[in-house]
Amino acid sequence: MKVLLTSDHAGVELRKEIKGLLDEMNISYEDAGCDCGTSVDYPDYALPAAERVASGEFDRGIFICGTGIGMSISANKVKGIRCALTHDVFSAKATRQHNNANVLAMGERVVGPGLAREVAKAFLETEFEGGRHQNRVGKIDAYESKNL
Ligand code: RB5
């Protein structure tokens, strides 16, 4: 599995924490986030990163900003992206099992590092269940294709 990690200025510390987790899990990743001390605009990081996940270059993305909201709104504009804004383990598992989410968004100002690690771990370890869920995700894909 290859993971693309990104964040704006408000997600730098949590991004470092998630890098530590990916190292521990032996998961290969690229860090495309900002190293900035100054303020940047989250769409400038979310949109190109989402395109790289949607293209198949990466299997999953983990996108972090202050709330996770800007990252998730931006990422979900990209065709093929199913980004889940999730700060609990149950939802992180469920969004993989049911929605086949390919991007996890989290907010550094919302969740502590310990819980964020558990959420990311669940997101990375859980498989899509397919079946009736594939049918539902397929309806989203069909809608996206119709509107492009
Ligand atoms: C930056 O201040 C903040 O607005 C951004 O990181 C994010 O939370 C937006 O949704």
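Our structure's up above, just so we're on the same page.
Residues numbered from 1 in each chain as written. Predicted model: local features only at pLDDT ≥ 70, side-chain atom pairs only at ≥ 80, totals over all residues. Heavy atoms only, no water.

(A) Highlighting the overall build of the protein chain. Helices and strands together make up the secondary structure of the protein chain, namely six helices and five strands. Its C-alpha atoms give the protein chain a radius of gyration of 14 Å, within 12% of the compact-globule value 15 Å for 148 residues. Considered along the principal axes of its C-alpha atoms, the protein chain spans approximately 45 × 30 × 25 Å. Going through the 148 residues of the protein chain one by one, you find that 46% of them count as buried. In the protein chain, of all internal contacts separated by at least 6 residues, the share reaching a separation of at least 24 is 71%. Accessible area of the protein chain: about 7,300 Å², with a carbon and sulfur share of 49%. Considering the protein chain, the positive charge centre built from 18 side chains and the negative charge centre built from 21 side chains are found 7 Å apart. (Helix = DSSP H or I, 4+ residues; strand = E, 2+ residues; numbered from the N terminus. Rg over C-alpha atoms; globule rule 2.2 N^0.38 Å. Buried < 20%, exposed > 50% of the residue type's maximum accessible area, 1.4 Å probe, protein only. Contact = heavy atoms within 4.5 Å. Areas by Shrake-Rupley, 256 points an atom, 1.4 Å probe, with all protein chains shown as cover. Lys, Arg positive; Asp, Glu negative; His and termini not counted. Charge placed at Lys NZ, Arg CZ, Asp CG, Glu CD.)

(B) Structural view of the site of the ligand. Around the ligand, the structure places Asp8, His9, Ala10, Tyr42, Cys65, Gly66, Thr67, Ile69, Gly70 and Arg109. Gly66 has a polar backbone atom sitting 2.8 Å from an oxygen atom of the ligand. Here an oxygen atom of the ligand and a backbone polar atom of Gly70 are 2.8 Å apart. Coverage of the ligand by the protein amounts to 73% of the 290 Å² it exposes when considered alone. (Near = heavy atom within 4 Å. Polar contact = N/O pair within 3.5 Å; in protein donor to acceptor, adjacent residues only side chain to side chain.)

(C) Representation of the state of the cysteines. Per the counting criterion, the structure on display carries one disulfide. Each sulfur in the disulfide pair Cys34 and Cys36 lies 2.1 Å from the other. The disulfide joining Cys34 to Cys36 has a torsion of about -45° about its S-S bond and is therefore left-handed. For the residue pair Cys34 and Cys36, the accessibility class agrees, reading buried in each case. We note that Cys65 lacks a disulfide partner, and the nearest cysteine sulfur, in Cys83, lies 9.3 Å from it. (Disulfide = S-S within 2.5 Å.)

(D) Structural context of a nonpolar patch on the surface. Residues Ile69, Ile73 and Leu85 make up a contiguous nonpolar surface patch of about 250 Å² in total accessible area. Looking at where Ile73 falls in the secondary structure, it is placed in helix α3 (residues 69-75). (Patch = residues over 30% accessible without salt bridge, like charges linked within 9 Å, V, L, I, M, F, W, Y side chains within 5 Å. Salt bridge = Lys/Arg side-chain N within 4 Å of Asp/Glu carboxyl O.)

(E) Just the pattern of salt bridges, in detail. Inspection of every chain in the model, using the stated rule, returns ten salt bridges. In this structure, Glu30 engages Arg52 in a salt bridge whose closest nitrogen and oxygen atoms are separated by 2.9 Å. A residue pair is termed long-range when its members are at least 10 positions apart, and Glu30 in strand β2 (residues 28-31) and Arg52 in helix α2 (residues 43-54) qualify at 22 residues. Counted as one network, the salt bridges with shared partners bring together Arg15, Lys19, Asp31 and Asp35.

(F) Region of the structure containing the sheet that holds β2. Read across the sheet, five strands follow the order β2-β1-β3-β5-β4 without closing on themselves; strand pairing throughout is parallel. Each end of this open sheet is capped by a strand with a single partner; those strands are β2 and β4 (83-85). When the angles between neighbouring strand axes are averaged without regard to direction, this sheet yields 20°. Direction of pairing for strand β3 (residues 60-65) relative to strand β5 (residues 103-107): parallel, over a ladder of five bridges. Bridging across to β5, Ile62 finds its partner in Leu104. (Pairing = 2+ DSSP bridges. Axes fitted to C-alpha atoms, helices over the stretch in contact; angles between N-to-C directions.)

(G) Geometry of unusual backbone geometry. Phi is positive for Asn26, which is not a glycine, with a value near 60°. For Asn26, the position within the fold is in the loop between α1 (12-24) and β2. Within the chain, Asn100 stands out as a residue other than glycine whose phi angle is a positive 50°. As for its position among the elements, Asn100 is in the loop between α4 (89-97) and β5.

(H) Geometry of the side chain of Ser74. Along the chain, the position of Ser74 falls in helix α3. When sequence neighbours within four positions are dropped, the list of residues in contact with Ser74 reads Tyr42, Pro43, Ala46 and Leu47.

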